[in-house]
Amino acid sequence: MNRLARLSAAEREQIIDEFKEEVFGGLDDPGLRDRMRTFSIELPDDPTPEQVDAWIELAALVRDHGFRARLRTWMELITPVPGQARPAGASIWWARQIVQTVAEVRKGGVAPEGPAAAEVLSELFGDTDRAAVLRSLEAGIEAGAEHYRRLVARVRGQNSSPDATEELEWLARALRAADQT
């Protein structure tokens, strides 16, 4: 861990570049390629202790081959194939509206297995292929995409939205329960 904290800016950039290439490389989505080309995770010149801690954790995470493989699987599920529509569930991770809706439902005590949850799913997804949404959701949860998103925000010194892990897990349970009925 001490070594990760003392890496030069060039070494830190190399870690992130290798990660981006393994996880996002070869995905045939021009928008994604453009975002990844400009996507950087850099510590400021005078980072706070929280930013350094987040960088150390992030550097260890992105160097983990298991994490890279899980995140790549998730990216393959949510990246559109050229000439086809965006896959079902592709934008759920970045759709704060969905997370906020689920947070409100959870706060109201709605169980993911109940009829009220089924109504929420209908409102959120309509006739979207829910099995595809669930596959994407489960892959993102397994990959730790939410944890990764929050670490990146902390390194950048950005105010990240609240951790949505519990909402995403509730949503996955609700989708599984709806699939059983």
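Residues numbered from 1 in each chain as written. Predicted model: local features only at pLDDT ≥ 70, side-chain atom pairs only at ≥ 80, totals over all residues. Heavy atoms only, no water.

Engineer: Just to check I follow, could you spell out the packing of helix H7 (residues 115-125) against helix H10 (residues 165-180) for this structure?
Structural biologist: The geometry of a pair of packed helices is captured by two quantities: the angle between their axes and the separation between those axes. Contact geometry for H7 and H10: axes closest at 10 Å, N-to-C directions at 100 degrees. Here H7 lies roughly perpendicular to H10, going by the angle between them. Taking contact as the criterion, the partners of Ala117, Leu121, Leu124 and Phe125 in H7 are, on H10, Trp170, Leu171, Ala174, Leu175 and Ala178. Residue composition of the contact of H7 with H10, by class: nine nonpolar, no polar and no charged. (Axes fitted to C-alpha atoms, helices over the stretch in contact; angles between N-to-C directions. Helix = DSSP H or I, 4+ residues; strand = E, 2+ residues; numbered from the N terminus. Parallel < 35°, antiparallel > 145°, perpendicular 65-115°, else oblique. Contact = heavy atoms within 4.5 Å. Nonpolar A, V, L, I, M, F, W, Y, C, P; charged D, E, K, R; others polar.)

Engineer: Can you help me understand the environment of Leu168 in this one?
Structural biologist: Examined against the element boundaries, Leu168 turns out to sit in helix H10. Through-space distance from the C-alpha of Leu168 to that of Ile98 is 9.2 Å; in sequence the pair is 70 residues apart.

Engineer: I'm lost on the packing of aromatic side chains in this one. Help?
Structural biologist: Here a ring pair, both rings aromatic, is described through the centre-centre distance and the interplanar angle of the planes. Applying the stated criterion to the full structure yields four aromatic pairs. Ring geometry for Phe19 and Phe24: centres 6.0 Å apart, planes at 90 degrees, overall edge-to-face. For Phe19, a relative accessible area of 0% translates into the label buried. The interplanar angle of 10 degrees and the centroid separation of 6.1 Å between the aromatic rings of Phe19 and Phe67 together place this pair among those described as stacked. In this pair, Phe19 is assigned in helix H2 (residues 9-24) and Phe67 in helix H5 (residues 65-78), connecting sequence segments 48 residues apart. Phe67 sits in the buried class, given a relative accessible area of 1%. Each member of the aromatic cluster is reached from another via a ring pair, and the members are Phe19, Phe24, Phe67 and Tyr148. (Phe/Tyr/Trp six-rings, centres within 6.5 Å; stacked < 30°, edge-to-face > 60°. Buried < 20%, exposed > 50% of the residue type's maximum accessible area, 1.4 Å probe, protein only.)

Engineer: Please explain the environment of Ala54 as it appears in this structure.
Structural biologist: Along the chain, Ala54 falls in helix H4 (residues 49-63). Distance from Ala54 to Ala139, taken between C-alpha atoms, is 23 Å for residues 85 residues apart in sequence. Other than its neighbours up to four places away in sequence, Ala54 contacts Leu151, Arg154 and Val155.

Engineer: Can you walk me through the pattern of salt bridges in this structure?
Structural biologist: If charged atoms from side chains of opposite charge come close, those side chains can pair. On inspection of all chains with the given rule, the structure shows seven salt bridges. For Glu22, the salt bridge identified is with Arg68, shortest N-O distance 2.7 Å. Here Arg68 lies in helix H5 and Glu22 lies in helix H2, a separation of 46 residues in the sequence. Residue Glu22 is classed as partly exposed on the basis of its relative accessible area of 36%. Taking relative accessible area as the criterion, Arg68 reaches 7% and is therefore assigned buried. Among the ionic contacts, a cluster of salt bridges with common partners joins Arg106, Glu166 and Glu167. (Salt bridge = Lys/Arg side-chain N within 4 Å of Asp/Glu carboxyl O.)

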